[in-house]
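One letter stands for each residue in the lines below.
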Amino acid sequence: MLYIHIPFCKQACSYCNFHFSTSMKTRDAVIDGICKELEMRRPELPAGSVPSVYFGGGTPSLLTEVELGRIFQVLYDNEYLTPPTSGSPNEPTNQQTNELTLEANPDDLDEATIQTLAASPINRLSIGIQSFYEEDLRFMNRAHNATEARSAIKKVNRAGFDDVSIDLIYGGQTTTDDMWAENLRIATDLGVTHISAYALTVEPKTALGVNVAKGKVSNTDDVKFDRHFNKLVDHLTSHGYRHYEVSNFCLPGHESRHNSGYWSGQVYLGIGPGAHGFDGQRTRKWNVSNNAAYAKAWAEINTPEDFAAADGFLYDAESLTDNDRYNEYIMTGLRRDVGVSVSELERLFGAEKVRYFTDSQRGNVAANLFLDTSDGVYRLSRAGIMRADGVGGDGFWV
Ligand code: SF4
């Protein structure tokens, strides 16, 4: 799997703590770096076509046709993907076995951009809707308005994208219960195939975090989060969506293969400033979250030896211990509807960890935070899902 981070945004959303810059000064140099990094790091993934490519950000829908075509050409030249027979980089590959997702913001989705994307190999869009209400969008300092939020989905459907995911945010200070219910109704009426819904988190180093700390804006409210989450699950499951991960819902057959790969420990390569990767075994690697530093470093890298010498300033790495891997397995298993299977846990980590896990969860089983565990699989109940991080933490080996 391949993740490509496009670290530019038109404006800063008030709650965002992803890596991005609103300055375009380094844009060309960063794209150069991304192309070089894709070439240099190809051996870190198994040979053959990758199962998925995910353009995340930042805002990948800011990429021009030329920039997108250039990146796809590098993907073909380095055999991440099989090129189209016509030889043109910006053409659908018709390889439906590859999931090729691009994150897009509604304000970028004018007809010309949609046509560029429809004519490209991208076969799945993830649209940052967040809300269909003006009050919410202004509060979050989103670059789009409510009209653009509603029209974006119809426009991309008309252009032939049937695999469309949207992001929604619940529990924010401006989002009433009625507004949240209406956001969900609009989303399901529009027939999107996948929905990722997140509680509005107040991160300290964001504009929202600063305003909350200064008392200019009230803090978020856990009781409201619970109400909105319950409404989310009730509405989407009653409309045929599978709740396959705490924050993710899909119509049958439309789960995100890329994200499911993250949660099941697959190998992935993270390209671009701030991107993270995993070798599928023990090593996590991440790039510097600074566009200028990333661009400058890659301008000077021409050989694998140069890349190796950039360790520590261009990228960093950590090695997971057995306990780290076990803890991650517990957390990602419990967050998904597949749950944690005791026999699989034993196969991967041994009998001692199984005893530890089952002992640690006795209280949670008694508190009905799990569905029936008699088949040896621990799947969270609705009450458990609402406390997923705490339940997972109880099972951690510390
Ligand atoms: S568009 Fe996305 S990445 Fe950019 S500031 Fe907003 S939330 Fe963050």
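Predicted model, so just to flag it, every value in this text is computed and none were measured.

A. Main features of the nonpolar core. The biggest cluster of nonpolar side chains holds 75 residues, and the ones touching the most others in it are Leu 2, Ile 4, Ile 166 and Ile 195. Non-local contacts of Ile 4, meaning those with residues more than four positions away in its chain, are made with Ile 34, Val 53, Phe 55, Ile 71, Ile 271 and Gly 272. Counting residues in hydrophobic clusters, the runner-up holds 13 residues, among them Tyr 326, Phe 357, Tyr 378 and Leu 380.

B. Region of interest: the packing of helix α1 (residues 27-40) against helix α2 (residues 65-77). Look at α1 against α2: their axes get within 9 Å of each other, and the N-to-C directions meet at 15 degrees. Relative to α2, the element α1 lies roughly parallel. Once α1 is placed against α2, the crossing between them reads as right-handed. In this structure, α1 uses Ile 31, Ile 34, Cys 35, Leu 38 and Glu 39 to contact α2, whose residues at the interface are Glu 67, Arg 70, Ile 71, Val 74 and Leu 75. Of the residues contributing to the contact of α1 with α2, the split by class is seven nonpolar, no polar and three charged.

C. Summary view of the sheet that holds strand β2 (residues 52-57). Taken in spatial order, the nine strands make up an open sheet running β7-β8-β6-β5-β4-β3-β2-β1-β9, and their pairing is mixed. The two strands at the open ends of the sheet, each matched to only one other strand, are β7 (242-245) and β9 (269-271). Strand after strand, the sheet turns through a mean of 20 degrees between neighbouring axes, direction not considered. Summarising the sheet, strand β6 (residues 194-199) and strand β8 (residues 248-250) pair through three bridges and their orientation is antiparallel. In the strand pairing of β8, Ile 195 is matched with Phe 249.

D. Here's a closer look at the site of the ligand. In the neighbourhood of the ligand, the contacting residues comprise Cys 9, Ala 12, Cys 13, Cys 16, Phe 18, Phe 20, Gly 57, Gly 58, Thr 59, Asn 105 and Gly 128. Residue composition of the shell around the ligand, by class: six nonpolar, five polar and no charged.

E. A look at the domain arrangement of the chain. One can read the domain layout of the chain as domain 1 (2-263) and domain 2 (322-394). With centres defined by C-alpha atoms, the gap from domain 1 to domain 2 works out at 30 Å. Residue composition of the side of domain 1 that touches domain 2, grouped by class: five nonpolar, one polar and two charged.

F. Here's a closer look at the sheet that holds strand β12 (residues 315-319). Reading across from one edge, β10-β11-β12 is the order of the three strands in this open sheet, with antiparallel pairing throughout. At either end of the open sheet lies a strand with only one pairing partner, and these are β10 (276-278) and β12. Across the sheet, the mean angle separating the axes of adjacent strands is 20 degrees when strand polarity is ignored. Bridge count between β10 and strand β11 (residues 283-287): three bridges; the pairing is antiparallel.

Conventions used here
Residues numbered from 1 in each chain as written. Predicted model: local features only at pLDDT ≥ 70, side-chain atom pairs only at ≥ 80, totals over all residues. Core = buried A, V, L, I, M, F, W, Y, C linked by C-beta atoms within 7 Å. Buried ≥ 20, exposed ≤ 12 C-beta atoms within 10 Å, placed from the backbone. Contact = placed C-beta atoms within 7 Å. Axes fitted to C-alpha atoms, helices over the stretch in contact; angles between N-to-C directions. Helix = DSSP H or I, 4+ residues; strand = E, 2+ residues; numbered from the N terminus. Parallel < 35°, antiparallel > 145°, perpendicular 65-115°, else oblique. Left-handed = near helix turned anticlockwise from the far one by under 90°. Nonpolar A, V, L, I, M, F, W, Y, C, P; charged D, E, K, R; others polar. Pairing = 2+ DSSP bridges. Near = placed C-beta within 6 Å. Domains from an automatic or database assignment.

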